[in-house]
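Descriptive structure summary
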Amino acid sequence: MGEKKGIEEKEEAMKIKKTSLVFAVNGERFELDLSSVDPSTTLIDFLRNKTPFKSVKLGCGEGGCGACVVLLSKYDPLLDKVDDFTVSSCLTLLCSIDGCSITTSEGLGNSRSGFHAVHERIAGFHATQCGFCTPGMSVSMFSALLNADKSSSPHDPPSNNGSSNLTAAEAEKAVSGNLCRCTGYRPLVDACKSFAKDVDIEDLGFNSFCKKGENRDDALKKLPCYDHTLSSTLFPEFLKKELKMDTSLDDSRTYRWSSPGSISELQSLLQLDDNGTMSVKLVAGNTSTGYYKEEKEKKYDRFIDIRRLPELTLVRRDEKGVELGAAVTISKAIEVLRGQKESVSVLAKLAAHMEKIASRFVRNTGTLGGNIMMAQRKQFPSDLTTILVAARATVKIMSVGSNVQEQFTLEEFLQQPPLEAKSLLVSVMIPSWRPLKNGSSSTDTHLLFETYRAAPRPLGNALAFLNAAFSAEVSLNQSRDGVVVNDCLLAFGAYGTKHAHRARKVEDYLVGKVISDEVLMEAISLLRDEIVPDKGTSNPGYRSSLAVTFLFEFFGSLATNGLLNGCKENGFESLKHEAMLSSAQQIVETQEHSPVGKGIVKAGAKLQASGEAVYVDDIPSPKDCLYGAFIYSTMPLARIKSIRFKENRVPEGVLGIITYKDIPKGGQNVGNKGFFASDLLFAEEITHCAGQIIAFLVAESQKLADIAVNLVVIDYDTEGLEPPILSVEEAVEKSSLFEVPPFLKSKPVGDINKGMAEAEHKILGSKISLGSQYFFYMETQTALAVPDEDNCMLVYSSTQAPEYVHRTIAGCLGVPEHNVRVITRRVGGGFGGKVMKAMPVATACALAATKMQRPVRTYVNRKTDMITTGGRHPMKIKYSVGFKSNGKVTALDLELLLDAGLSEDISPLMPSGIQGALMKYDWGAFSFDVKICKTNTVSRTAVRAPGDVQGSYIAEAIIEKVASYLSIDVDEIRKVNLHAYESLKLFYDKKAGESTEYTLPQLWEKLEEFSGFSQRRKVVDEFNASSRWRKRGISRVPAVYGVGLRLTPGRVSVLSDGSVVVEVPGIEIGQGLWTKVKQMAAFSLGLIQCSTTSDELLEKIRVIQADTLSMVQGSVTGGSTSSEASSEAVRICCGGLVERLLPVKTALEEKTGGPVTWDSLISQAYMQSVNMSVSNTYSPDFGTQYLNYGVAASEVEVNILTGETTVLRTDIIYDCGKSLNPAVDLGQIEGAFVQGLGFFMLEEYLMNSDGLIVTDSTWTYKIPTVDTIPRQFNVEILNSGHHKNRVLSSKASGEPPLLLASSVHCAVRAAVKEAKKQTVTWSDDNQEGVVDLSFELPVPATMPVVKELCGLNVVEKYLDWKIKQRKNI
Ligand SMILES: Cc1cc2nc3c(=O)[nH]c(=O)nc-3n(C[C@H](O)[C@H](O)[C@H](O)COP(=O)(O)OP(=O)(O)OC[C@H]3O[C@@H](n4cnc5c(N)ncnc54)[C@H](O)[C@@H]3O)c2cc1C
Ligand code: FES
Ligand code: FES
């Protein structure tokens, strides 16, 4: 031992000593003096703050979104081999990338050196909207291509026509861990699939490269070429050379970061801590800081990277099993386990389960040891420990100051007290599979192993509600008529338990038993007592029922099918849907106003993909810039006694805390000056809701500010204060209500008493409740304020309403509005959340900048954003409905309590939104009473389709209720109640337009054919009759959505070289506004009819950022019509220019005797001093209010054992009028639908009993991912032709399609109904036909919700029924 140590020391001494970190970013060499680097610095901190590479976006900071993904390449000088894999730069520590090469999206290609094929295909497949997620998507796709080509055989080179060795299935998984809130994922997947070798380009979605029906070879040629050989040159030669030199860090003891190469070196580092006061952090992948975020803020004296320790990286396979070092990454472990030959597929099943842990970019650095230690020390709900306990894994542990390694079973280790911080988990051993019982090696003996998990997202990126893994040895019993359990091990985890738990009582009971229904029933009853989630765990009943489900699934088939090939495959239908995603689009591109009407690529799409598109936080910080973070209340109603720091010590880098007291004289404490009343910027003496902003802490960096706010203590006092109002009922009782202005008050239709009197049936006082939804824009709230001369302030704000931001800032600072200038170039997703909620963010920055006289910026972290911004309005609805026996409704009377939260915000607009969508059916007579309740919760605001989505859903819920009551098919009830044009007019008045505009009945009929609705309903019925544990439902719904256009200014200026600058107040939030505006400008300027075509003019046009001093009266981007209105304003301006240019053109033509080009026309105009800038305003009249129509049919499959829903297919037909750009509108339709899917199925925005939002991270708030969208997603955009009152006959597409997602919810309800009907047949008195099928399916219909309605004890019911049946026979 001593000799070995001596050799190691000598070898170490021979190495060249270095004192710095060396790595490459996009081929550029970086060298950082190690003593100057704070080891807690993450890679994203470095890239965004110290390099020009801003494509790396911060979406969550917890490994949950993929916006920050980069490619990390590692070179092995011995093997001369490069490993390339994705990592989340928000979790990767900068020091850990020593010797590595990092490639960001702009490193793959960019506007200067040429875009990469990935960027070009993303753009061409119309796969960007706000573009904030796109650089991360690009890198994830590129990595998938790179690794597919590397792993392919050399005899199978990628074709050189632009495809790679990637398969379509791999392409679908390439972005499975990346979140996108805008696109709905389908076009992203298609862009990635376009590289796959097994994909027919014909099967991919609408794109700018090839048209349907085009010759395949021609089409392929048009795809931007992907040259896989170029990818292998990514690792810089200079770094290879340096790595070939034998270097090691100079005396690692002198730095806070060290990376020991041997256990002895590690021990000597640990021994530096003589008196035990040194805080040490062992680091592997560092991904645990995504979950334990407080870890990022802890100050450690020393970080020790353990990934170079040979014992921790070993991979050993022998007859005893597979031993994996603790620092082996989960991805590597999957690869190793997959590569093993074994008789029972334990290792392959472990690998398959591991693939559902986190996302690929987390698994690539997250290690086995890290995961196990999180579980052991902090009771992390690990998958790994559960499956490894079931595989009887053992672990080796090395304690502090000892070289001795001890071995324990993983199960024992987990139960030990938390391992000391300086002790080491060395390796994990997965033993080879042997018969468990002596002498049970006959051919009748089978070894079974299976793993399970139920989580909101099937492909991972979501913690499990419960996971399980079972092993068993079973054989045929003596009489060979049953299966006996010789031994078994049943492990369960993540259900609200400290550690993976073995259900020993069940194991003991089962051993020696012949599996039968009776035995299973008894085992389940024992299991129910064993798997009991800890107090405070969400959905405890659901989690326990999952344990039953999985046990039943494992042993159930043995009871019925005997010993065939295992468990899962027999007796149970496959519970997963491996079918590939598919889609179809029917789109009409029009030429009449070309390039308007064409599906051209979104302006700036490639820049978004490469990450060069500049968002507010990408603007370099001005000199002396400071950074702010919000301090918010955690109490619903309390007096603020004091704001101080823990231990009364001001944290490092903090310059001050700004409160309402800092508002300058003449200014007001105003955080938003909205449409109705304004709201406070900061709470004053009293805070009125949890989540209300109390103060703004200012520090030297964003990191320091974010750390420091967590050290703030607010002393509250509630003495003498009334209890807070935390429910709408309390608000009504205390008359805590906001007024609806008379012009927004809902008006009844018809005579409700008469309608009720005509009814043959009535449902009275039925109730519905709806919760909230968070925007989940990928770019959180952000602003930068820069003080200027003479008390002026320049503010860059990520907002949908720069004009209102401007007014608010001026009001707060007490300066004339001309002292303020607000600039917004683009927004990384808004969805309504950056209208009102952006104002306090920009205002706080401006106030702090005024006080400090330095620039101040903030990029609000995800948690604070989720807690302070509020989201959608929750509401409670009570209704009475009267109807005829055929289902025709004669009267509907609704009372609605809307939870507005603390301030008015846009709440008074909500009733008209709700009513507008609700009236999609002919209710006969209709009355509607809405109370807007003021509660002590955070103020609610507009979220995409505010009010309309709830209104549309309420209508469907009522229709469903009527159908259940009458036992008539719900589709019939819908049909019977669809408006005729006359009733439409009655309900919508002028908005209904002319009869020819009412296209809904036409869409309804068309959908029948488009989706094969009737035929598929039969197939669904057949399926349900034969499938016990999976039920399907299919449903179609209509949507009606009213919009109105607003006054909108614009300016078009032509520069001397003929290039054109367009200014509109509308903000590019991802909805394609710039693109439509550009198209309109090109068309309108093209009317001059010079020899330069409109399509050529398109290239000359640039839409520039919104600037509130340049363009006043900009109002708000929202309500789905800003693109149309901005386009129309531009059309008017261009008309003015054309008018001025026409005489010049005529004269020029006469002079030259031929057609003139645009450029020569413009130079002539300049020579003649023609005014080349036109501003004008579009002032719509009432005629520009209109209704949008769409229909959707969705088919789902519900797994009634787990509550999981798979959306098998969705068909949408949407009337876009004459679409200004069908590619953009298609993106809006799909993206809105998927966001709606999130509202109806997944997203829970929950509060605690004080009204504080608790689902405040990507861990707890689940937006849809690529694995939760419809497997087949078909969209037809109906071109419903000309209409004089609309902008070039176009219609809106931003919000209305979101309403159609209720089709999924309704289909789930239909499936649950089938499950309920089936369960009744298993009950004692078999009451089929009298089962109450009028249940309300809550929104969102999450897995626990669905399972609860299907029956938490459905397995027991079934077994009980079977047993009784048999006994009766
Ligand atoms: C977004 C996301 C989703 C996730 N989803 C899942 C999931 O669904 N299921 C699941 O099971 N896991 C999940 N995880 C957890 C993930 O598997 C772990 O974060 C990862 O394996 C930890 O490994 P690491 O190397 O990054 O650990 P690190 O973060 O480096 O270390 C974790 C802790 O263990 C200590 N440590 C590390 N290695 C050793 C060692 N060898 N000896 C002693 N101490 C050590 C460290 O000091 C630290 O305290 C998820 C993680 C993220 C970020
Ligand atoms: S920012 Fe890193 S994963 Fe979200
Ligand atoms: S385009 Fe993906 S988040 Fe906006």
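Cut-offs and rules
- Residues numbered from 1 in each chain as written.
- Chains lettered and ligands numbered in written order.
- Predicted model: local features only at pLDDT ≥ 70, side-chain atom pairs only at ≥ 80, totals over all residues.
- Heavy atoms only, no water.
- UniProt positions renumbered as here; feature names shortened; annotations may be inferred.
- Helix = DSSP H or I, 4+ residues; strand = E, 2+ residues; numbered from the N terminus.
- Rg over C-alpha atoms; globule rule 2.2 N^0.38 Å.
- Buried < 20%, exposed > 50% of the residue type's maximum accessible area, 1.4 Å probe, protein only.
- Contact = heavy atoms within 4.5 Å.
- Core = buried A, V, L, I, M, F, W, Y, C linked by side-chain atoms within 4.5 Å.
- Salt bridge = Lys/Arg side-chain N within 4 Å of Asp/Glu carboxyl O.
- Pairing = 2+ DSSP bridges.
- Axes fitted to C-alpha atoms, helices over the stretch in contact; angles between N-to-C directions.
- Polar contact = N/O pair within 3.5 Å; in protein donor to acceptor, adjacent residues only side chain to side chain.
- Near = heavy atom within 4 Å.
- Areas by Shrake-Rupley, 256 points an atom, 1.4 Å probe, with all protein chains shown as cover.
- Nonpolar A, V, L, I, M, F, W, Y, C, P; charged D, E, K, R; others polar.

The name an unreviewed UniProt entry gives the protein is indole-3-acetaldehyde oxidase, with Raphanus sativus as the organism. Recorded under Subcellular location (unreviewed entry), the UniProt text for the protein is reproduced unchanged: "Cytoplasm". The UniProt entry for the protein carries the following comment under Sequence similarities (unreviewed entry): "Belongs to the xanthine dehydrogenase family."

Helix and strand counts for the protein come out as 43 helices and 44 strands. Here the C-alpha radius of gyration of the protein, 32 Å, is about what a compact globule of 1369 residues would show, namely 34 Å. If one aligns the C-alpha atoms of the protein with their principal axes, the spans along those axes are about 100 × 85 × 80 Å. Here the protein holds 1369 residues, and 64% of them are scored as buried. In the protein, the share of contacts with a sequence separation of at least 24, taken over all contacts with a separation of at least 6, comes to 78%.

What follows covers the nonpolar core. Membership of the largest hydrophobic core comes to 280 residues, with the highest contact counts inside it found for Phe492, Phe555, Trp923 and Ile954. When residues of this core are assigned to their parent elements, the largest contribution, 11 residues, is made by helix α40 (residues 1222–1242). Leave out the neighbours within four places in its chain, and Phe492 touches Thr386, Leu466, Asn467, Ala468, Phe470, His499, Ala500, His501, Ala503, Leu527, Ile531 and Ala547. Listed in part, the 58 residues of the second largest apolar core include Val322, Val336, Leu368 and Trp433.

A few words on the pattern of salt bridges. Enumeration according to the criterion identifies 76 salt bridges in this entry. One salt bridge connects Lys332 with Glu335, and the closest N-O pair in it is separated by 3.8 Å. Remark: Glu335 and Lys332 occur in helix α14 (residues 330–338); sequence separation between them is 3 residues, near one turn of the helix. One connected set of salt bridges, linked through shared partners, spans Arg48, Lys57, Asp617, Asp618 and Arg857.

Below, the discussion takes up the environment of Ile693. Along the chain, Ile693 falls in strand β25 (residues 693–699). When the C-alpha positions of Ile693 and Thr659 are compared, they lie 9.4 Å apart, and in sequence the two are 34 residues distant. Sequence-distant contacts of Ile693, that is, excluding residues within four places in its chain, are made with Phe630, Ile631, Tyr632, Leu681, Phe682, Ala683, Pro840 and Thr868.

Now for the sheet that holds strand β19 (residues 501–502). The 4 strands are arranged β16-β17-β18-β19 in an open sheet whose pairing can be described as antiparallel. Every other strand in the sheet has two partners, leaving β16 (445–454) and β19 as the edge strands with one partner each. The pairing of strand β18 (residues 483–493) with β19 spans 2 bridges and is classified as antiparallel. Of the residues in β19, the one forming a bridge with Ala491 is Arg502. Across the sheet, helix α15 (residues 346–354) lies against β16 and β17 (466–476), angled at about 0° from β16, the strand it touches most.

Attention now goes to the UniProt feature "active site" (unreviewed entry) in the protein. In this numbering, the UniProt entry assigns the feature "active site" (unreviewed entry) to Glu1295. Looking at the secondary structure, you find Glu1295 in the loop between β44 (1272–1278) and α41 (1302–1321). The exposure class assigned to Glu1295 is buried, which follows from its relative accessible area of 9%. With residues up to four places along the chain from it excluded, the contact list for Glu1295 reads Arg944, Ala945, Pro946, Tyr1041, Gly1119, Ser1120 and Ala1232. At a separation of 3.4 Å, a polar atom in the side chain of Glu1295 contacts the side chain of Tyr1041.

Its location among the elements puts Phe238 in helix α10 (residues 237–244). Relative accessible area serves as the criterion here: at 26%, Phe238 is assigned to the partly exposed category. A sequence separation of 210 residues divides Phe238 from Glu28, and the C-alpha atoms of the two residues are 9.7 Å apart. Other than its neighbours up to four places away in sequence, Phe238 contacts Ala24, Gly27, Glu28 and Arg29.

Before going further, it helps to examine the UniProt feature "binding site: [2Fe-2S] cluster 2" (unreviewed entry) in the protein. As recorded in UniProt, the feature "binding site: [2Fe-2S] cluster 2" (unreviewed entry) lies at Cys130, Cys133, Cys180 and Cys182. Considering the C-alpha atoms alone, the annotated residues occupy 53 residues of sequence yet fold into one spot, their largest mutual distance being 9.4 Å. Excluding anything up to four places from it in sequence, Cys130 contacts Cys182, Gln608, Tyr615, Val827, Gly828, Gly829, Ile1069 and Gly1070. Structurally, Cys182 can be placed in the loop between α6 (168–174) and α7 (186–193).

Attention shifts here to the site of ligand 1. As a structural note, the neighbourhood of ligand 1 is formed by 37 residues, with Leu282, Thr287, Ser288, Thr367 and Asp383 the closest of them. Contact distances for ligand 1 include 2.8 Å between an oxygen atom and a backbone N or O atom of Asn286. Measuring from a nitrogen atom of ligand 1, one finds a backbone N or O atom of Ala358 at 3.4 Å. Taking 970 Å² as the accessible area of ligand 1 by itself, protein coverage stands at 96%. Among the elements of the structure, β9 (280–283), α17 (368–378) and β15 (424–431) are those that each provide at least two residues to the shell around ligand 1. The element contributing the most residues to the shell around ligand 1 is α17, with 6 residues. For the shell around ligand 1, the class distribution of residues is 20 nonpolar, 13 polar and 4 charged.

When a strand is regular, its side chains alternate between the sheet's two faces. Burial runs high along β16: 8 of the 10 residues are buried. Judged from the 10 bridges that link them, β16 and β17 form a sheet pairing that is antiparallel. Counterpart to Thr451 in the pairing with β17 is Ala469.

Cis geometry is found at the peptide bond from Ser594 to Pro595, where omega equals 5°. Here Pro595 shows up in the loop between β20 (582–586) and α23 (605–610). One non-glycine residue with positive phi stands out, namely Asn539, at about 50°. Take Asn539: its relative accessible area is 31%, and that puts it in the partly exposed class. Phi at Gln853 is positive, roughly 55°, even though this residue is not glycine. Relative to the elements of secondary structure, Gln853 occurs in the loop between α28 (839–852) and β32 (856–859).

Before going further, it helps to examine the side chain of His126. Tracing the backbone shows His126 in the loop between α4 (117–124) and α5 (134–151). With residues up to four places along the chain from it excluded, the contact list for His126 reads Pro187, Phe206, Asn207, Ser208, Gly599, Ile600, Val601 and Ala1223.

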